[in-house]
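Descriptive analysis of the structure
Spelled out from the first residue to the last, the chains are:
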Amino acid sequence: MIGKLKGTIEEIGDDYVLVDVHGVCYVAHCSARTLSRLGSAGEAVVLFIETYVREDQLKLFGFMSALEREWFNLLQSVQGVGSKVALAVLSTLSPSELANAIALQDKAVVSRAPGVGPKVAIRIVTELRNKAPAFAGEAAGTIGLKQEIGEGAAPAPVADAVSALTNLGYSRDQAANAVAAALKNGGEGGDSAKLIRLGLKELSR
């Protein structure tokens, strides 16, 4: 079982990287996001590895962080999501962006990934709704509020402020982040008008 590779980059392909570890080269299949963050041939690389063993194949999947690897496995717990679709999702969204989309029940964001249709996107945001907060990464500070918004359980002023900012052309994630910052910076207990005003101030920074 291979859990991590430390070596040098031998070659980067369309969906894989060849890693030389003391003269032995390993093929690790990666998301486009991971491949874009790698260096060039000859440079050092560290990849977290998920090893797939099947009757007819042994395949390695490589990730820049343990959190990305966790999401790779988590996504595949959803019906209709295999390794190819999971990599496509992680090519399109970072772990924190994915956690935010699931918390907000924003299937449109998830369905931006190639090969992810509306039905699969709905299953991802529905089935992983309660698991996303534990894997939010950088989004951990606001994931609770976003989950309330996604479930329709947020206080009315918060929900109204997010809706108003979204109507102004901001994404739900941008709007929710702005309102979360507004609440933190003195808007707690305020009405929707105050939260909108403070939210817009945050968005203009």
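Because the structure is a prediction, the values reported are computed rather than measured.

Quick word on the nonpolar core
Within the largest apolar cluster, 33 residues are counted, with the highest numbers of intra-cluster contacts made by Trp71, Leu75, Leu98 and Ile124. Mapped by element, the contributors of at least two residues to this core are β5 (57-63), α2 (66-75), α3 (83-92), α4 (95-103), α5 (107-110) and α6 (118-127). Once residues lying within four places of it in the same chain are set aside, the contact partners of tryptophan 71 are Leu90, Pro95, Leu98, Ala99, Ile102, Leu128, Ala132 and Phe135. Counting 15 residues, the second-largest nonpolar core is a separate cluster that includes Leu145, Ala154, Ala176 and Ala178.

With respect to the confidence of the model for the protein chain
For the protein chain, mean pLDDT is 90; residues scoring 70 or higher make up 100% of the total. Across the protein chain, element-level confidence peaks in strand β2 (residues 16-21) with a mean pLDDT of 96 and bottoms out in helix α9 (residues 172-187) with 84.

Brief notes about the packing of aromatic side chains
Taken as a whole and judged by the stated rule, the model has five aromatic pairs. With a centroid separation of 5.0 Å and 45 degrees between ring planes, the pair formed by phenylalanine 63 and phenylalanine 72 is classed as tilted. Look at phenylalanine 72 and you get buried, because its relative accessible area is 0%. On the basis of an interplanar angle of 65 degrees and a centroid distance of 6.2 Å, the ring pair of tryptophan 71 and phenylalanine 135 is categorised as edge-to-face. With tryptophan 71 in helix α2 and phenylalanine 135 in the loop between α6 and α7 (143-150), this residue pair connects regions lying 64 residues apart in the sequence. A relative accessible area of 0% means that tryptophan 71 is categorised as buried. Residue classification places phenylalanine 135 among the partly exposed positions, given a relative accessible area of 21%. Three or more aromatic residues joined by ring pairs make a cluster, and in this case those are Tyr52, Phe61, Phe63 and Phe72.

Some details on the environment of valine 85
Note on placement: valine 85 falls in helix α3. Counting along the chain gives 64 residues from valine 85 to isoleucine 149, while the straight-line C-alpha distance between them is 27 Å. When near neighbours in sequence (up to four residues on either side) are disregarded, valine 85 contacts Gly115 and Val116.

How each quantity is defined
Residues numbered from 1 in each chain as written. Predicted model: local features only at pLDDT ≥ 70, side-chain atom pairs only at ≥ 80, totals over all residues. Heavy atoms only, no water. Core = buried A, V, L, I, M, F, W, Y, C linked by side-chain atoms within 4.5 Å. Buried < 20%, exposed > 50% of the residue type's maximum accessible area, 1.4 Å probe, protein only. Helix = DSSP H or I, 4+ residues; strand = E, 2+ residues; numbered from the N terminus. Contact = heavy atoms within 4.5 Å. pLDDT = per-residue confidence, 0-100. Phe/Tyr/Trp six-rings, centres within 6.5 Å; stacked < 30°, edge-to-face > 60°.

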